[in-house]
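Structural features, examined
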Amino acid sequence: MIEFRTLGTLDLRRANGVEIDSLLAQPKRVALLAYLCLASPHGFHRRDTILGLFWPDADQTHARASLRRALHVLRLALGENAFHSRGDDEIAVNGDVIWSDAVAFEERIGGNKMLEALELYRGDLLPGFFLDDAPGFNRWLDDERYRLRSTAGRAARVAAETLESEGNLTAAVHWARRAVELADLDERAVRGLLEVLARVGDRAGALRVYDSFVARLAAELEVEPSSETRELGDRLRSAPTPAKPITSRPTEVAHPGSSQAPIAIAAAPASRPRTVTNRRGLMLALGSAVVLMLLGSSTIYWRGNRAHAASPIPSDSTLSLAVLPFENLGQTSDAYFTAGMTEEISSKLGSLGGLTVIGRQSAKRYANTDKSPQQIGQELGANYLLTGTVRWDRSRAGHELVRITPVLVRASTGAQLWSEPYEGEATDVFHMQEQVAARVAEGMRVNLSRAERQSLAVAPTSSAEAYDHFLRARDLGTIPGRPSEFLRAVALLERAVQLDPKFALGYAALGVAHLNAYWSLADDDPRRLEWAKAAIDTALAIDPKLPAGYVATATYYSRGKFDYPRALEALVVAERFSPNDADVLHMKGLIEPRVNRWADAIEDLERAVALDPRNPNFLGDLCSKLRQVRRYTDAGKVCERLIAAAPDRWSGYQISMGLALSRGDVDGALAIAREAEKRVDREEFRNGLLENGGWPANLDPHLLREMELARPPSIATAARARVIYYVLRLYLSVYKKDAAAGRRFADSVLVYAPKAISGVNYFDADVHTSYAMAFAMKGDNERRLEHTAMTIKQVPFSSDAELSTVFLVYLANSAVLGGSYGEALSQLRVVLSRPSHYSAALIRADPWFDPMRRDPRFQKLLADFD
């Protein structure tokens, strides 16, 4: 049976799991299939109704011809018996052939199987899908989305009520929250959530839900809640605060000599869900410019033996500290605040001379770890570890108390050296951060100059509310694969700088958020570049010594203007004000190859890795750059560290496979792929194999089957992502010697490529390489050459030494496919003479170049670069 999934995604597969991608590339025919499956009442639909929805501007003759063609294509892809006809006027989907998740969802709702139905509802119907020339269909789709979402909301509410009556309160809370999310502003759903939260003892959480709901009603509808809802809110507010149940045995930490009661620190959960790495196209993965992340920390609290008496700290020749993510003891929704406290304390300590602070990304890899302090210290190269807890108590209106309890530990022994709680209003957090940083420095015998003491006391803003918006925005910047979150970050940061027009750090972050939104295609309006520059200039006008302002400037020039020399000038200033900032060094190391400064790039990346030794991004970029300059032994050592640091991420295995191929070791590359399969998320693994263009994984029947199951991006995603996917499938078809499939994928590239053209040379050169490959596959050499010339013109070596070489690799591949061997040899000679991922051994092993094996010029090329 064919599976047609439309809730939260778009997916069409045969019973064997193979995707029917020929249809997914044809939006109107997908839309027709969706309508025939889902339109109410289910069953037969009149052709006249379908014509009016899909071809409203065509006359009857042409519209009927278009419908016949569409149904013919659907039958070819899905099978002749996929549809039933009733005379000439009605058509229906054969439910025995095509299974639809949306239809199954409604069937389970009708059978009162609410939890089974909710398992199928993974999001809105065909999110982001629309047809430019079919407004009637778009209106139908909007109505269906709303209807199904409302149905799911009611189902979640019923499920919550049933589970609560059965005494399963944890599950009841989950589904009650889901009901509120799905049934927007539904007071019955809100009351259900308030009641179950009260039953589990989370009165503070219930009041936050109530207050938020009241505020939304006032802002969006200018009304108050019903009397029933207000009475429930009043009862919650006047009820005595219950003792919160303890679900795990706490570890008690008391400051030595303090009369205060010990602070209970709940044990962290033993594990957390794996985060699936985003799919990245091969060309964008190799060719993309620097991406500046707004880094945030996750929560951790190391659970080991803590000494309860202060111990003297003997002097060390090298003072190095790892600030492990503090544990959030407040509500789950406060995790962003705890991460912000961790990062700010780490940043303050990192600004001190005589102290090396390990990079945040390495430290946060130890969230929820059971490793001992000795292991952590050894792996990070740290003498000391700083960890602790943060609790933000919002239960008392007008008095939001924050308590920070840091714990300093000697890594070599695991002994606690110092701990002291700091408590104050939310408006006092900057003073608490200063106190913690100063006390840690004092405990580690770091001599602070007057200037350093003054710098610790500097608060980034005078507004606690503005700072809260800033922290929320920074947390959004850590979410992978969600470009829309950058637009939310912009909104939060705009509010932050309105609250405090002197908030320099907020302006710098706002500039970067605009750039992230533009770069990620969440909004490619070129005015975002102007808005970004204005915000960044304001930040530096307020504080000319703000490192983040110069990093934002570098981001603007590298990602907005592709002016790499000016970006590097800004980073030199940032490094002067923040000499041990691993992120600055990493950014320099990624930009320097663009201006052909490879030795400087590797030096800066090595320094970044020394400061942030288990950061997978840093290790991966260093390994990749070492491979490009063909230092394969050194690259291999770094790759081993990368896999050890992130054994469940594809990137380390991918680079390792590339290294093996650079040496001509095909069997070794396959062995690495098989090892990766044991550890990497299945979807990430499949897409990763395909990112390599399919070779050499196509030589292994099992790995080939895995690649065939890699899913294309949804139609709602940017056209550029789909162009990349179909180019990669074209590559795989060539390696499989399946010319017919290759031509189909070439056709798909040509469908989406025009939609991916943006008018920006950097982005469009990538699209033109895809055009060249597609036309080569179709045998149109004239059009291939046209797009080859456009690629070279748009990104010449003089403007981007690294990316122009990457593009030249793909152009050489398309020249081989097009039979222009002399052109390919000329391009390969240039590639081999520059830093690149290509080597003579790789070209000798790669079957893509089989058509040229007997050419003496090809043999001479390999001999020249062996």
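The structure presented is a predicted model; accordingly, all values stated were derived computationally and were not measured.

Analysis parameters
Residues numbered from 1 in each chain as written. Predicted model: local features only at pLDDT ≥ 70, side-chain atom pairs only at ≥ 80, totals over all residues. Heavy atoms only, no water. pLDDT = per-residue confidence, 0-100. Helix = DSSP H or I, 4+ residues; strand = E, 2+ residues; numbered from the N terminus. Contact = heavy atoms within 4.5 Å. Phe/Tyr/Trp six-rings, centres within 6.5 Å; stacked < 30°, edge-to-face > 60°. Buried < 20%, exposed > 50% of the residue type's maximum accessible area, 1.4 Å probe, protein only. Salt bridge = Lys/Arg side-chain N within 4 Å of Asp/Glu carboxyl O. Pairing = 2+ DSSP bridges. Axes fitted to C-alpha atoms, helices over the stretch in contact; angles between N-to-C directions. Expected span 1.5 Å × (residues − 1). Disulfide = S-S within 2.5 Å. Parallel < 35°, antiparallel > 145°, perpendicular 65-115°, else oblique. Left-handed = near helix turned anticlockwise from the far one by under 90°. Nonpolar A, V, L, I, M, F, W, Y, C, P; charged D, E, K, R; others polar.

**Examining the confidence of the model for the protein**
- This prediction gives the protein a mean pLDDT of 82; 88% of its residues lie at or above 70.
- Per-element confidence in the protein is highest for helix α38 (residues 840-845), whose mean pLDDT is 96, and lowest for strand β8 (residues 263-265), whose mean pLDDT is 27.
- Ignoring residues within four places in sequence, the model shows residues 242-317, a span with pLDDT below 50, making 195 contacts including any to other chains.

**Remarks on the packing of aromatic side chains**
- This structure, assessed with the given rule, holds 26 aromatic pairs.
- With a centroid separation of 5.9 Å and an interplanar angle of 45°, the aromatic rings of Phe 54 and Trp 55 are classed as tilted.
- Looking at Phe 54, the relative accessible area reads 0%, which means it is buried.
- Through a chain of ring-to-ring contacts, three or more aromatic side chains come together here, namely Tyr 35, Phe 54, Trp 55, Phe 129, Phe 137 and Trp 140.

**Let's talk about the pattern of salt bridges**
- One pass over the structure, following the stated rule, counts 47 salt bridges.
- The salt bridge involving Glu 161 is made with Arg 188; its shortest N-O contact spans 3.9 Å. Taken as a pair, Glu 161 in helix α7 (residues 135-165) and Arg 188 in helix α9 (residues 187-199) lie far apart in primary sequence, 27 residues in all.
- A network of salt bridges, in which partner residues are shared, links Glu 575, Lys 588, Asp 604 and Arg 607.

**Let's talk about the sheet that holds strand β3 (residues 45-46)**
- Overall, antiparallel pairing links the 3 strands, which are arranged β3-β5-β4 in an open sheet. The strands lining the two open edges of the sheet, one partner per strand, are β3 and β4 (83-86).
- Looking at chain direction, β3 and strand β5 (residues 90-93) are connected through 2 bridges and run antiparallel. Bridge assignment links Arg 46 to a residue of β5, and that residue is Glu 90.
- Contacting β3, β4 and β5, helix α2 (residues 27-38) crosses the sheet at an angle of about 90° to β5.
- In the packing of helix α4 (residues 60-78) onto the sheet, the strands contacted are β4 and β5, and the crossing angle to β4 comes to about 140°.

**Let's talk about helix α32 (residues 719-735)**
- In this model, α32 (17 residues) spans 25 Å end to end at C-alpha, consistent with the 24 Å of a helix rising 1.5 Å per residue.
- Of all 17 residues that make up α32, 15 are buried, and the element is covered over most of its length.
- A positive phi of about 60° marks Lys 737, the residue just after α32.

**Focus on the state of the cysteines**
- Scanning all chains against the criterion turns up 1 disulfide.
- One disulfide bridge connects Cys 623 with Cys 639, the sulfur atoms lying 2.4 Å from each other. Measuring the twist about the S-S bond at about -90°, one finds the Cys 623-Cys 639 disulfide to be left-handed. Of the two residues, Cys 623 sits in helix α26 (residues 616-628) while Cys 639 sits in helix α27 (residues 632-645), which places them 16 residues apart along the sequence.

**Quick notes on the packing of helix α29 (residues 666-677) against helix α30 (residues 682-691)**
- Here α29 crosses α30 at 160°, and the two axes come no closer than 10 Å. It follows that α29 is roughly antiparallel to α30 by the angle criterion. Regarding α29 and α30, the two cross each other, and that crossing is right-handed. Facing α29, whose interface residues are Ala 673, Ala 676 and Glu 677, α30 presents Arg 682, Phe 685 and Leu 689.
- Taken together, the residues of the contact of α29 with α30 sort by class into 4 nonpolar, no polar and 2 charged.

**Observations regarding unusual backbone geometry**
- That bond from Trp 695 to Pro 696 is cis: its omega, 5°, falls within 30 degrees of zero.
- Examined against the element boundaries, Pro 696 turns out to sit in the loop between α30 and α31 (701-708).
- Here Asn 112, not a glycine, exhibits a phi torsion of approximately 60°, which is positive.
- Here Lys 737, not a glycine, exhibits a phi torsion of approximately 60°, which is positive.

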